[in-house]
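Per-entry structural report
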Amino acid sequence: NAGVTQTPKFQVLKTGQSMTLQCAQDMNHEYMSWYRQDPGMGLRLIHYSVGAGITDQGEVPNGYNVSRSTTEDFPLRLLSAAPSQTSVYFCASIGLAGGTSYNEQFFGPGTRLTVL
Amino acid sequence: GEDVEQSLFLSVREGDSSVINCTYTDSSSTYLYWYKQEPGAGLQLLTYIFSNMDMKQDQRLTVLLNKKDKHLSLRIADTQTGDSAIYFCAENRGGYQKVTFGTGTKLQVIP
């Protein structure tokens, strides 16, 4: 199993540009989520999904869209990038059915995004 | 408050014990976690403790939970240079989307 994969690893955007951060997992996990990590602020939840076709907002959803058309993929879209979205983005997943009772989250390696 | 709090930095000598502290917010949290993040990588679950326990030991790791003070600690015995990383505590307030992470403690191990 590759686990949780993310592309790209690094990205530089200009203000106003759009892009999609890709996330995929091959563990058949129902729950997937996107976090952003900023210095001194820990991880903050952007959006999450409990299964294909179901998404919901987390703590900091503004400026981001998600969709979940398959169990494996959970892309994060920035429609009009702003400097405030400069951050490291992590995708994570949890197996709900038959998963561990303590709900271990499996994280991807992250995408480091800079918006100029 | 809403934040899970940790000190930002800890420096120890190789072979000494490290103690990383965390104050969480919700006394009804079910699970509390310690995640490790190595440079350029995602977070990886190191250990966890269920809220009805006050201690858990796993090889060099000891987790202590004080529910009254909402205080969690991670002790690493015989700290090695490979333990250098950022350590995040997290609490599960009920539901997969309700896991709140602390700010992270950067552990530096001096050879």
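Described below are features of the structure shown in this document. (Residues numbered from 1 in each chain as written. Chains lettered and ligands numbered in written order. Predicted model: local features only at pLDDT ≥ 70, side-chain atom pairs only at ≥ 80, totals over all residues. Heavy atoms only, no water.)

Let's shift gears to the state of the cysteines. Residues and elements named next belong to chain B. In total, this model carries two disulfides over all chains according to the counting rule given. Linked covalently through their sulfurs, C22 and C89 form a disulfide whose S-S length is 1.9 Å. As the torsion about the S-S bond is roughly 65°, the C22-C89 disulfide counts as right-handed. Taken together, the positions of C22 in strand β3 (residues 18–23) and C89 in strand β9 (residues 85–92) put the pair 67 residues apart, joining distant regions of the chain. (Disulfide = S-S within 2.5 Å. Helix = DSSP H or I, 4+ residues; strand = E, 2+ residues; numbered from the N terminus.)

The next point concerns the pairing of strand β3 (residues 19–25) of chain A. Residues and elements named next belong to chain A. The two faces of β3 differ: M19, L21, C23 and Q25 on one face are buried, but T20, Q22 and A24 on the other face are not. Note that strand β1 (residues 4–7) and β3 share four bridges and pair antiparallel. By the bridge assignment for β3, T5 is matched with A24. In this structure, β3 lies alongside strand β8 (residues 76–78), joined through three bridges in antiparallel fashion. When the bridges of β8 are listed, L21 appears paired with L76. (Buried < 20%, exposed > 50% of the residue type's maximum accessible area, 1.4 Å probe, protein only. Pairing = 2+ DSSP bridges.)

Of the residues lining the interface, 20 residues belong to chain A; the matching set on chain B comes to 18 residues. At the boundary of chain A with chain B, total buried surface from both sides reaches about 1700 Å², with 61% on carbon and sulfur atoms. Connecting chain A to chain B are two residue pairs in polar contact (both at pLDDT 80 or more). Contributing elements (two or more residues each) for the side of chain A that touches chain B: β4 (31–37), β5 (43–51) and β9 (87–94) of chain A. Split by residue class, the side of chain A that touches chain B holds 12 nonpolar, seven polar and one charged. (Contact = heavy atoms within 4.5 Å. Buried area = accessible area lost by both parts, 1.4 Å probe. Polar contact = N/O pair within 3.5 Å; in protein donor to acceptor, adjacent residues only side chain to side chain. Nonpolar A, V, L, I, M, F, W, Y, C, P; charged D, E, K, R; others polar.)

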